[in-house]
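Results of the structural survey
Chain by chain, the residues:
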Amino acid sequence: MLNIIIFGPPGAGKGTQSEFIKEKYNLTYISTGQILREEMAAETEIGLKVKEIISKGGLASDEIVAAIIDKFIASHADANGFLFDGYPRTVKQAEILEDLFKKYNICLSGVLSLEVPEDILVERMLERGKTSGRADDNIESIRYRFVEYDNKTKPVLDFYQQKNALHAINGVGTIEEIFGKICNVIDKI
Ligand code: UDP
Ligand code: MG
């Protein structure tokens, strides 16, 4: 059973590559960002709570995303394996995820870290912003997403490095090239 985390800064291509990964390896996909966007669109209690912070480019609280993940895993007990996109985003969330893995008897196979220089990331997100309709794909929010990433999310890399679970992948290139590199890594873990 494969359980994979796809990790990387905003705009690194996690969502794009996840589409291919989940198909090829028959994984149950969970993107907390996508779930939060759905909650916001439906104006649920959670959605209303996180709307302002997410539009600015900030992170939803560890408690909120932990509750989302717990509920999702509990309701997909028959999954063949999970693909986590954009989670965990803080060291605290990584610790909570360890506890959830214990609770549900899940074993982490590896963390795939997509590496892309910041200027390319900004370019990609501004391009995406033209059609995505996402409130956070504008230059101010993008800048703040990087600040949050550097301060809160980057330390998660050390957390998984210490567990020997981290696999760095160059995220610059065509979608096919990068997917090829990802498969090479997954096939060895
Ligand atoms: N977000 C969050 N916690 C999560 C996932 C997403 O707070 O676990 C928020 C955060 O504000 C982030 C936004 O949702 O900037 C979009 O996340 P997503 O992963 O979809 O965007 P990406 O980083 O892939 O551009
Ligand atoms: Mg994404």
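First things first, this report covers the structure right here in the doc. Just so you know, these numbers come straight off a predicted model, no measurement behind them.

**Quick notes on the packing of aromatic side chains**
Summed over the entire model, instances satisfying the criterion amount to six aromatic pairs. Seen in terms of ring centroids, Phe 7 and Tyr 149 are 6.3 Å apart; in terms of plane orientation they differ by 50 degrees. Their pairing is tilted. Linking Phe 7 in strand E1 (residues 4–7) with Tyr 149 in helix H7 (residues 139–153), this pair joins segments that are 142 residues apart in sequence. Taken individually, Phe 7 and Tyr 149 each receive the classification buried, so the pair is uniform in this respect. Measuring from centroid to centroid gives 5.9 Å for Phe 82 and Phe 84, while their planes differ by 35 degrees, and the two rings are tilted. With a relative accessible area of 3%, Phe 82 lands in the buried category. Put simply, the rings of Phe 72, Phe 82, Phe 84 and Phe 101 pair up and form one aromatic cluster.

**Regarding the environment of Thr 32**
By secondary structure assignment, the location of Thr 32 is in helix H2 (residues 32–41). According to the relative accessible area criterion, Thr 32 is buried, its value standing at 3%. For the pair Thr 32 and Gly 58, spaced 26 residues apart in sequence, the C-alpha separation works out to 14 Å. Other than its neighbours up to four places away in sequence, Thr 32 contacts Val 65, Ile 68, Ile 69, Asp 85, Gly 86 and Tyr 87.

**Quick look at the nonpolar core**
With 32 residues, the main nonpolar core has Leu 36, Val 50, Ile 69, Phe 82, Phe 84, Leu 97 and Tyr 160 as its most contacted residues. Mapped onto this core, the elements with two or more residues apiece are E1, H2, helix H3 (45–56), helix H4 (62–74), strand E3 (82–85), helix H5 (91–104) and helix H8 (155–162). Look past the residues within four positions of Leu 97 in its chain and what remains in contact with it is Ile 5, Ile 69, Phe 84, Tyr 87, Pro 88 and Tyr 160. In terms of nonpolar packing, the next biggest core, distinct from the first, is built from 24 residues, Leu 2, Ile 4, Val 116 and Phe 146 among them.

**A closer look at helix H6 (residues 118–132)**
Its 15 residues give H6 an end-to-end C-alpha distance of 20 Å, which sits within 8% of 21 Å, the value for a rise of 1.5 Å per residue. Buried residues along H6 sit against H7. Immediately downstream of H6, the backbone of Gly 133 shows phi near 70 degrees, a positive value.

**Focus on the site of ligand 1**
Near ligand 1 lie 19 residues; those nearest to it are Thr 32, Arg 37, Gly 58, Ala 60 and Arg 145. Interatomic distance of 2.6 Å between a backbone N/O atom of Ala 60 and an oxygen atom of ligand 1. Measuring from an oxygen atom of ligand 1, one finds a backbone N or O atom of Gly 86 at 3.5 Å. Its free accessible area being 530 Å², ligand 1 has 96% of it covered by the protein chains. Tallying contributions element by element places H2 first for the shell around ligand 1, with four residues. In terms of residue class, the shell around ligand 1 is made up of seven nonpolar, five polar and seven charged.

**Quick look at the pattern of salt bridges**
Per the counting criterion, the structure on display carries twelve salt bridges. The partner of Lys 103 in a salt bridge is Asp 70, with the nearest N and O atoms 2.9 Å apart. Placement of Lys 103 in helix H5 and of Asp 70 in helix H4 is noted, with a sequence separation of 33 residues between them. Note that Lys 154 is salt-bridged to Asp 150, the shortest N-O span being 3.5 Å. Residue Lys 154 is classed as partly exposed on the basis of its relative accessible area, which comes to 40%. Classification of Asp 150 by relative accessible area gives partly exposed; the value is 36%.

**A closer look at the pairing of E1**
Residues Ile 4 and Ile 6 of E1 are buried on one face, and the alternating residues Ile 5 and Phe 7, pointing to the opposite face, are buried as well. As paired elements, E1 and E3 share three bridges and run parallel to each other. Note that in E3 the partner of Ile 6 across the bridge is Asp 85. With four bridges connecting them, E1 and strand E4 (residues 110–115) associate as parallel partners. Within E4, the residue paired with Ile 5 across the bridge is Val 111.

Definitions and limits used
Residues numbered from 1 in each chain as written. Chains lettered and ligands numbered in written order. Predicted model: local features only at pLDDT ≥ 70, side-chain atom pairs only at ≥ 80, totals over all residues. Heavy atoms only, no water. Phe/Tyr/Trp six-rings, centres within 6.5 Å; stacked < 30°, edge-to-face > 60°. Helix = DSSP H or I, 4+ residues; strand = E, 2+ residues; numbered from the N terminus. Buried < 20%, exposed > 50% of the residue type's maximum accessible area, 1.4 Å probe, protein only. Contact = heavy atoms within 4.5 Å. Core = buried A, V, L, I, M, F, W, Y, C linked by side-chain atoms within 4.5 Å. Expected span 1.5 Å × (residues − 1). Near = heavy atom within 4 Å. Polar contact = N/O pair within 3.5 Å; in protein donor to acceptor, adjacent residues only side chain to side chain. Areas by Shrake-Rupley, 256 points an atom, 1.4 Å probe, with all protein chains shown as cover. Nonpolar A, V, L, I, M, F, W, Y, C, P; charged D, E, K, R; others polar. Salt bridge = Lys/Arg side-chain N within 4 Å of Asp/Glu carboxyl O. Pairing = 2+ DSSP bridges.

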